[in-house]
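Secondary and tertiary structure notes
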Amino acid sequence: MRQGILFVVSAPSGTGKTTLCRAVKERLPNLYFTISYTTRERRANEVDGREYHFVDRARFETMIREEAFAEHANVYGNLYGTAFVELDTNRRAGKDLLIEIDVQGARSLKARFPEAVLIFIYPPSMSVLRERLTGRGTDAEDVIARRLAIAAQELAQMPNYDYLIENRDFETAQNSFAAIITAERVRRPYVLEELPERFPGIL
């Protein structure tokens, strides 16, 4: 059985990353979300163990000391981390993983797993991003300003990613996302892992 592929997905807040990831997961077989750990407060519609593993800062810091994370980062003052055991167990089981993560975490994962596929989702423009953040009606103006400033820093990291998807039209972005995953699954290294048993003495 081939090892699973790590698809690492980043995007500025308000770009539609989570919605795209969920749509592509429903569309393609054998694609799974990783569930990160976080110290941020759980929102009313969130379930522990579904969106995140919600833990306090003391527990998170203990996991850091125990080197339990494949990566971890401080985002907007909250800690987020991806457990190494979850990545390792699922990859060994041949599961392809979707990892939604910020640019700090993506950089760390790429350093630890060079074969990881990095995908960046970006908005049509900063003005469109502002409109989307404002339209959500969940953040104060100062919070939106801070998110836009951070978005500019994140967009500057796009040259470090393998694939760039513009989320102007949801259907087009979803098709591009699915095409990337489908193409990566038939790359030579992954396919050849399974073929020798089917073609003994040839491969």
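What comes next concerns the included structure. (Residues numbered from 1 in each chain as written. Predicted model: local features only at pLDDT ≥ 70, side-chain atom pairs only at ≥ 80, totals over all residues. Heavy atoms only, no water.)

1. Structural notes on a nonpolar patch on the surface
- Together, Leu-192, Phe-199, Ile-202 and Leu-203 make up a nonpolar patch on the protein surface, roughly 400 Å² of accessible area in all.
- By secondary structure assignment, the location of Leu-192 is in helix α8 (residues 188–192).
- Look at Leu-192 and you get partly exposed, because its relative accessible area is 37%. (Patch = residues over 30% accessible without salt bridge, like charges linked within 9 Å, V, L, I, M, F, W, Y side chains within 5 Å. Areas by Shrake-Rupley, 256 points an atom, 1.4 Å probe, with all protein chains shown as cover. Salt bridge = Lys/Arg side-chain N within 4 Å of Asp/Glu carboxyl O. Helix = DSSP H or I, 4+ residues; strand = E, 2+ residues; numbered from the N terminus. Buried < 20%, exposed > 50% of the residue type's maximum accessible area, 1.4 Å probe, protein only.)

2. Digging into the environment of Glu-131
- Tracing the sequence through the fold places Glu-131 in helix α5 (residues 126–136).
- Judged by relative accessible area, Glu-131 falls into the exposed class, the value being 56%.

3. A closer look at the layout of surface pockets
- In this structure, the largest pocket encloses a volume near 1500 Å³.
- Lining of the largest pocket is provided by 44 residues; of these, Lys-17, Thr-18, Arg-40, Arg-43 and Tyr-52 occupy positions nearest its centre.
- Residue assignment for the lining of the largest pocket shows that the elements contributing at least two residues are α1 (17–27), β5 (69–75), β6 (78–83), β7 (96–100), α5 and α6 (141–155).
- In terms of residue class, the lining of the largest pocket is built from 13 nonpolar, 14 polar and 17 charged. (1 Å grid on protein atoms, 1.4 Å probe; cavity = no way out; pocket = protein on both sides within 12 Å on 5 of 7 lines; lining within 4 Å. Points joined across faces, edges and corners; volume = space filled by probe spheres on them. Nonpolar A, V, L, I, M, F, W, Y, C, P; charged D, E, K, R; others polar.)

4. Quick word on the pairing of strand β1 (residues 6–10)
- Among the five residues of β1, five are classified as buried, and the element is accordingly described as predominantly covered.
- Sheet topology note: the β1/strand β8 (residues 117–122) ladder contains four bridges and is parallel. The residue bridging Ser-10 from the neighbouring strand is Phe-120, located in β8. (Pairing = 2+ DSSP bridges.)

5. Some details on the sheet that holds strand β4 (residues 53–54)
- Judged by pairing direction, the sheet is mixed, and its four strands sit side by side in the order β4-β3-β6-β5 without closing on themselves. Because the sheet does not close on itself, it has two edges, and the strands there are β4 and β5.
- In the sheet, strand β3 (residues 37–38) pairs with β4 via two bridges, with the strands oriented parallel. The residue of β4 that forms the bridge with Tyr-37 is His-53.
- Packing against the sheet, helix α3 (residues 84–92) makes contact with β5 and β6, and its axis sits at approximately 30 degrees to β6. (Contact = heavy atoms within 4.5 Å. Axes fitted to C-alpha atoms, helices over the stretch in contact; angles between N-to-C directions.)

Any functional reading would require information that these geometric values do not contain.
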